Amino acid sequence: MDTGFIELTITNGVAHISLNRPEVFNSFNRAMALGLQQTLDACETNSEVRAIVITGKGKAFCAGQDLKEVTSPELNPGFKKILEEHYNPIITRIRKIEKPIIAAVNGVAAGAGANIALACDVVVANEDASFIQAFSKIGLIPDSAGTFFLPRLIGFQKASALAMLGDKIGAVEAERLGMIYKYVPQEEFQEVVNKLAFKMAQMPTKALGLIKKTLNEALTNDLETQLALESKHQIEAAGSEDYAEGVAAFLEKRKPVFKGK
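Residues numbered from 1 in each chain as written. Predicted model: local features only at pLDDT ≥ 70, side-chain atom pairs only at ≥ 80, totals over all residues. Heavy atoms only, no water.

**Student:** Quick question: what am I supposed to make of the pattern of salt bridges here?
**Tutor:** This structure, assessed with the given rule, holds 13 salt bridges. For K57, the salt bridge is made with E7, and the minimal N-O distance between the two is 3.1 Å. Highlighted residues: K57 in the loop between β4 (51–56) and α2 (67–70) and E7 in strand β2 (residues 6–11), separated in sequence by 50 residues. Classification of K57 as partly exposed rests on a relative accessible area of 32%. Here E7 falls in the partly exposed class, since its relative accessible area comes to 26%. Among the ionic pairs, R30 bridges to E85, the shortest N-O distance being 2.9 Å. On the criterion of sequence distance, the pair formed by R30 in helix α1 (residues 30–45) and E85 in helix α3 (residues 79–96) is long-range, its members being 55 residues apart. Exposure remark for R30: the relative accessible area of 27% places this residue in the partly exposed category. Overall, the relative accessible area of 33% leaves E85 in the partly exposed class. Where salt bridges share partners, they join R95, D121 and K212 into one cluster. (Salt bridge = Lys/Arg side-chain N within 4 Å of Asp/Glu carboxyl O. Helix = DSSP H or I, 4+ residues; strand = E, 2+ residues; numbered from the N terminus. Buried < 20%, exposed > 50% of the residue type's maximum accessible area, 1.4 Å probe, protein only.)

In structure tokens form, the structure reads like this:
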């Protein structure tokens, strides 16, 4: 599937989504933003897809917004439309799709590109990748949920400094800070991403979706509300086919075959 500037391939239960504007470091224009939303919707409803990988073509993951679009009298959709119709719906989809989403950060992730990556469930970065809250450099504030996720990932003080100063953070430092899951040497990057995605696609993805829902709520719930939510989702997980298969496989001393149901 090729939706404008988005490429999609599905292999062994894994949807590989590639941002495909390498000549501008995969910066977003309206067509690419709407194409990514359409592609995520297709992955959500496709029962064959049990895990999703988002990456970038070429040397960059995503350089954020295409500034040529917002400075063009003919093309500029305006910031209200960019936020409400482009980035906010992308972030909402990433968090609401009940399937694991891996950001495979193959190069620079700047501005909205960085924050889209950080909204994913697992972030794996090439050791040469970098993350930049580039907004302040042109007089803007972090969007695409950067002010929501970044302080929760690395703490308020560090997030405040990175948002204000726009420092470039390398992949090694990003892992040390807890911003990402792990960094991987360049020569191993694609293999590690593929193995991780395949592993997650073979797991009890019904439970992974419930983990995601429960973690989403934990960002704003108090303790009592979260305990009640855990009970609700645990009871739902315990009624799944995957749970029955997992227990049976454990008792029979064999490898389980999960179906995400």
